[in-house]
Amino acid sequence: MFSSVSASQASEVVNLLLMLLLVPVTVAAARGVDYPGRRWLAVGFFTIAGVYVFSIAERYLFGNPVFPFKQLLIAVAGTAFAIGTWQLALALRGRAAL
Amino acid sequence: MSANVLNVIANLISALAFTAAFVGVLAIPDRPGGFVRAGMKLLFAGAMSVYMFVGFSHVLQFLNVTTALDIFENYLKVLFIPLLACAAYALSMNEQLRIMQRQAGVLSAEHDMLMRIVDTTPTGVVVLDVSGRIEFANDRAREMLELEDDPDTSRILTPRWTCGDSPGSAPGDLSACLTTSQVRDEARTLRWPDGTTRSLSLNATPIFASDGSRVGAVVAFTSADPGSAAATAI
């Protein structure tokens, strides 16, 4: 099976492994802070985790039909990150102005 | 809607959203000397730029403009999670640092206020270490006990007086005047080598470390020389 798997396919597995290894670190670090936008950043982060699962599903189970949904998930993650980072930036700007 | 159009729209939204997130990260204000926040911004912006790049690369690919950027996508995507994890860790560190700095400010203000109270009080106040050496003395105590600082170490020089009630005690050992660790309004006499004496009314309370061991004592005193308020009271 793996003889036909290209280098790009292996990177999806590496991404998923990295995600699994670094989720506990990231969650533990994020729990230590209480900034506005944290929930949106968490939504973005876990949506990207979903993207990696979709990537594996796309490569090994369902093939190309999954691809557009994966792209939509990335768009959702990006939107969540955008909202989260702007809330964070505005909150810190407000705090700096005090 | 064909899959290709959906891909282009989804990737365009993704690219624009991650661009907005990238700009949002850059909009986070810097703090003077806040290297942790600057590091967090760099890592976070790096993570956002990964999917910004991937989104635009896909859009160009699906619009049949170029596939030249395609080869970088998978390498960059591997960086996304570590960059984000490091950014989250830096954000957490930044918050911990901010809390510690705020607490240090509160402690400093409290310490400053206590020092003003101690220096203003007409009572002499000294802090002894466990060996009886004077570690701290307020202005009134310095005056009454004739204490001087070592110009090199800024520590209080050992005074020449001895506790007259404890013959043979070492010079400057105020703990020799304390019969128990907890003393209330006890009259004691300090004796200088030239024969001068000074009567004091002493109060003392021991200081304990968090493990319960005794690390010193706080001694407060007023003059009990004839004519002083304390002598009248005694």
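Residues numbered from 1 in each chain as written. Chains lettered and ligands numbered in written order. Predicted model: local features only at pLDDT ≥ 70, side-chain atom pairs only at ≥ 80, totals over all residues.

> Break down the overall build of chain A for me, citing the residues and quoting the values.
Per the secondary structure count, chain A includes three helices and zero strands. Along chain A, from the amino end to the carboxyl end, the secondary structure elements read α-α-α. Across the 98 residues of chain A, 34% fall into the buried class. Partitioning the contacts of chain A with sequence separation of at least 6, the portion at a separation of at least 24 is 72%. (Helix = DSSP H or I, 4+ residues; strand = E, 2+ residues; numbered from the N terminus. Buried ≥ 20, exposed ≤ 12 C-beta atoms within 10 Å, placed from the backbone. Contact = placed C-beta atoms within 7 Å.)

> Go over the overall build of chain B, please, and point to the residues and values.
The helix and strand tally for chain B stands at five helices and six strands. Each helix (α) and strand (β) of chain B, taken in turn from the N terminus, gives the series α-α-α-β-β-α-β-β-β-β-α. Looking at chain B as a whole, 31% of its 234 residues qualify as buried.

> Describe the interface of chain B and chain A, naming the residues involved and giving the relevant values.
Listed as interface residues are 32 residues of chain B and, on the opposing side, 32 residues of chain A. Within the residue set of the side of chain B that touches chain A, elements represented by two or more residues are α1 (3-26), α2 (35-62) and α3 (70-120) of chain B. If you tally residues by element for the side of chain B that touches chain A, the top one is α3 of chain B, at 14 residues. Partitioning the side of chain B that touches chain A into residue classes produces 23 nonpolar, seven polar and two charged. (Nonpolar A, V, L, I, M, F, W, Y, C, P; charged D, E, K, R; others polar.)

> Could you give an account of the nonpolar core, with specific residues and numbers?
Membership of the largest hydrophobic core comes to 53 residues, with the highest contact counts inside it found for F81 of chain A together with F18, A47, M48, L84 and A87 of chain B. Ignoring sequence-local partners within four residues, the contact set of F81 of chain A consists of L41 and G44 of chain A together with A17, F18, A21 and M48 of chain B. In this structure, V126, C177, V219 and A224 of chain B belong to the second largest nonpolar core, which totals 21 residues. (Core = buried A, V, L, I, M, F, W, Y, C linked by C-beta atoms within 7 Å.)

> I'd like a description of the pairing of strand β1 (residues 124-129) of chain B, backed by residues and values.
Residue and element names in this part refer to chain B. The alternating pattern of β1 places G124, V126 and L128 on a buried face, while none of V125, V127 and D129, on the opposite face, is buried. The pairing of β1 with strand β6 (residues 214-223) spans six bridges and is antiparallel. Across the sheet, V127 pairs through a bridge with V218, a residue of β6. In terms of strand pairing, β1 meets strand β2 (residues 134-137) through three bridges, oriented antiparallel. By the bridge assignment for β2, V127 is matched with F136. (Pairing = 2+ DSSP bridges.)

> Could you give an account of helix α2 (residues 38-62) of chain A, with specific residues and numbers?
Residues and elements named next belong to chain A. In this model, α2 (25 residues) spans 33 Å end to end at C-alpha, consistent with the 36 Å of a helix rising 1.5 Å per residue. When we look at burial in α2, the residues that qualify are W40, L41, G44, F45, I48, V51, Y52, F54 and S55. Following α2 by one or two positions, G63 has its phi on the positive side, about 75°. (Expected span 1.5 Å × (residues − 1).)

> Describe the confidence of the model for chain B, and please don't skip the residues or the numbers.
Should the pLDDT be low somewhere, the predicted coordinates at that spot are not to be read in detail. Confidence along chain B averages 86 in pLDDT terms, with 95% of residues attaining 70 or more. What the predictor reports for the complex is a pTM of 0.66 with an ipTM of 0.83. (pLDDT = per-residue confidence, 0-100.)

> I'd like to hear about the packing of α2 of chain B against α3 of chain B, residue by residue, with values.
All names here are of chain B. The contact between α2 and α3 brings their axes to 7 Å, and the two run at 155°. If you check the angle between α2 and α3, you find them roughly antiparallel. In this structure, α2 crosses over α3, and the sense of that crossing is left-handed. Here the contact of α2 with α3 is composed, by residue class, of 20 nonpolar, five polar and four charged. (Axes fitted to C-alpha atoms, helices over the stretch in contact; angles between N-to-C directions. Parallel < 35°, antiparallel > 145°, perpendicular 65-115°, else oblique. Left-handed = near helix turned anticlockwise from the far one by under 90°.)

> For the confidence of the model for chain A, give the residues involved together with the corresponding values.
Residue and element names in this part refer to chain A. Looking at chain A as a whole, its pLDDT mean stands at 82, while 88% of the residues score no less than 70. Least confident of the elements in chain A is helix α1 (residues 7-31), whose mean pLDDT is 80; most confident is α2, at 88. Of the regions scoring below 50 in pLDDT, residues 1-5 engages in one contact with residues more than four places distant in sequence or in other chains.

> Can you tell me about the pairing of β6 of chain B, naming the residues and giving the values?
Residues and elements named next belong to chain B. Two strands pair when backbone bridges link them, and strand β5 (residues 197-208) and β6 are joined in this way by nine bridges, in the antiparallel orientation. Note that in β6 the partner of S201 across the bridge is T222. Counting the residues between successive antiparallel strands, the hairpin from β5 to β6 contains five residues, one of them, G212, with a positive phi of roughly 95°.

> Pulling in residues and values, what's your account of unusual backbone geometry?
Residue and element names in this part refer to chain B. The backbone phi angle of E146 is positive, close to 55°, even though this residue is not glycine. Tracing the backbone shows E146 in the loop between α4 (139-145) and β3 (162-163). Phi at D185 takes a positive value of approximately 50°, unusual for a residue other than glycine. Within the fold, D185 resides in strand β4 (residues 183-191). The exposure class of D185 is partly exposed, given the 13 C-beta atoms found within 10 Å.

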